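# Structural description and commentary
The chain contents come next:
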Amino acid sequence: VACAYGTEPTGEDLCAAWVERVFARLGCGVVTGDARELYEGYCSRTDPSELLVGMVVAVGRHPYDAAGWAHGHVGLYVGDGAVRDCAAGRVRTVPLGPWLSTYGVASEPRWGWLGAIALG
């Protein structure tokens, strides 16, 4: 969580790069891919009771811009019902419910451990 709050934005349409940078700062190695690849490769859970601090929360696509439709969106669950992500070139904290309902209109939101590395 501290790394998620201390990691600078990566730029426009680079949400996955931001998540990957947070994990690299933790010393978890480098996992690369766009948001859709992270979604397909590591996010298989949909039960909210299985969502744990440090998990990536992602959608495979969203309808708000061309990059979102092609690559999806990803953030990190930081606990207390909040997701931290990099959107529109800035890092922000968003309540989980609105994040899921906003980004989940075109693709089911799912979560899991990036690189299959459980932080908890």
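This structure is a prediction, so every number in the text was calculated from the model and none was measured. Residues take numbers from 1 onward in each chain, read along the sequence in its written order. Where local features are concerned, this predicted model is filtered to residues with pLDDT of at least 70; where side-chain atom pairs are given and counted, the filter is 80 or more; whole-chain, interface and lining totals use all residues. Excluded from the side-chain calculation are hydrogens and water; included are all heavy atoms of the structure.

## Looking at the nonpolar core
By size, the foremost hydrophobic cluster in this structure holds 22 residues, and its most contacted members are Trp 18, Val 19, Val 56, Val 74, Leu 76 and Leu 114. Secondary structure elements follow DSSP: runs of H or I no shorter than four residues count as helices, runs of E no shorter than two count as strands, and numbering proceeds from the N terminus. Residue assignment for this core shows that the elements contributing at least two residues are α1 (2-6), α2 (15-25), α3 (35-42), β1 (56-59), β2 (73-79) and β3 (82-87). Broken down by element, this core gets its largest block of residues, six residues, from α2. In contact with Leu 76, not counting residues within four places along its chain, are Ala 4, Trp 18, Val 19, Val 22, Phe 23, Gly 54, Met 55, Val 56, Ala 82, Val 83 and Arg 84. We define a nonpolar core as any set of buried Ala, Val, Leu, Ile, Met, Phe, Trp, Tyr and Cys residues linked to one another through side-chain atoms lying within 4.5 Å. Between buried and exposed lies partly exposed: a residue is buried under 20% and exposed over 50% of the maximum accessible area for its type, with that area taken using a 1.4 Å probe on protein chains only. Here a residue-residue contact requires only that any non-hydrogen atoms of the pair lie within 4.5 Å.

## Observations regarding the pattern of salt bridges
The salt bridge criterion pairs a side-chain nitrogen of Lys or Arg with a carboxyl oxygen of Asp or Glu, the two atoms within 4 Å. For the coordinates displayed, the defined rule picks out one salt bridge. Residues Arg 92 and Asp 85 are paired through a salt bridge, measuring 2.7 Å at the closest nitrogen-oxygen approach. With respect to burial, Arg 92 and Asp 85 carry one shared label: buried.

## Here's the deal with helix α5 (residues 96-103)
Burial in α5 covers these residues: Leu 96, Trp 99 and Tyr 103. The arc that holds the buried residues of α5, viewed along the axis, is 65°, so those residues lie on one side. The secondary structure elements touched by the buried residues of α5 are β1, β2, β3 and β4 (90-95). What the arc measures is the spread of directions leading from the helix axis to the C-beta atoms.

## With respect to unusual backbone geometry
Phi is positive for Asp 13, close to 60°, though the residue is something other than glycine. By secondary structure assignment, the location of Asp 13 is in the loop between α1 and α2. Its identity is not glycine, yet Ala 88 carries a phi of approximately 55°, on the positive side. Note on placement: Ala 88 falls in the loop between β3 and β4.

## Observations regarding the pairing of β2
Along a regular strand, successive side chains alternate from one face of the sheet to the other. For β2, a buried count of seven out of seven residues is recorded, marking the element as mostly surrounded by other parts of the structure. Two strands pair if DSSP finds at least two bridges between them. Relative to β3, β2 runs antiparallel, the two being bridged by four bridges. Looking at β3, one finds that Tyr 77 is bridged to Val 83. The loop that links β2 with its antiparallel partner β3 comprises two residues; one of these, Asp 80, has a positive phi angle of about 50°.

## A few points about the packing of aromatic side chains
Pairing of aromatic side chains here covers Phe, Tyr and the six-membered ring of Trp, requires ring centres within 6.5 Å, and sorts the geometry by plane angle: under 30 degrees stacked, over 60 edge-to-face, intermediate tilted. As enumerated under the stated definition, the model contains two aromatic pairs in all. The interplanar angle of 85° and the centroid separation of 6.2 Å between the aromatic rings of Tyr 64 and Tyr 103 together place this pair among those described as edge-to-face. Residue Tyr 64 is found in the loop between β1 and α4 (66-71), and its partner Tyr 103 is found in helix α5; the two are separated by 39 residues along the sequence. Under the relative-accessibility criterion, Tyr 103 is labelled buried at 10%. Relative to Tyr 103, the ring of Trp 99 lies with its centre 4.9 Å away and its plane at 45°, an arrangement referred to as tilted. Placement of the pair is Trp 99 and Tyr 103 together in helix α5, with a separation of four residues, close to one helical turn. Among the aromatic residues, those joined into a cluster by ring pairs are Tyr 64, Trp 99 and Tyr 103.

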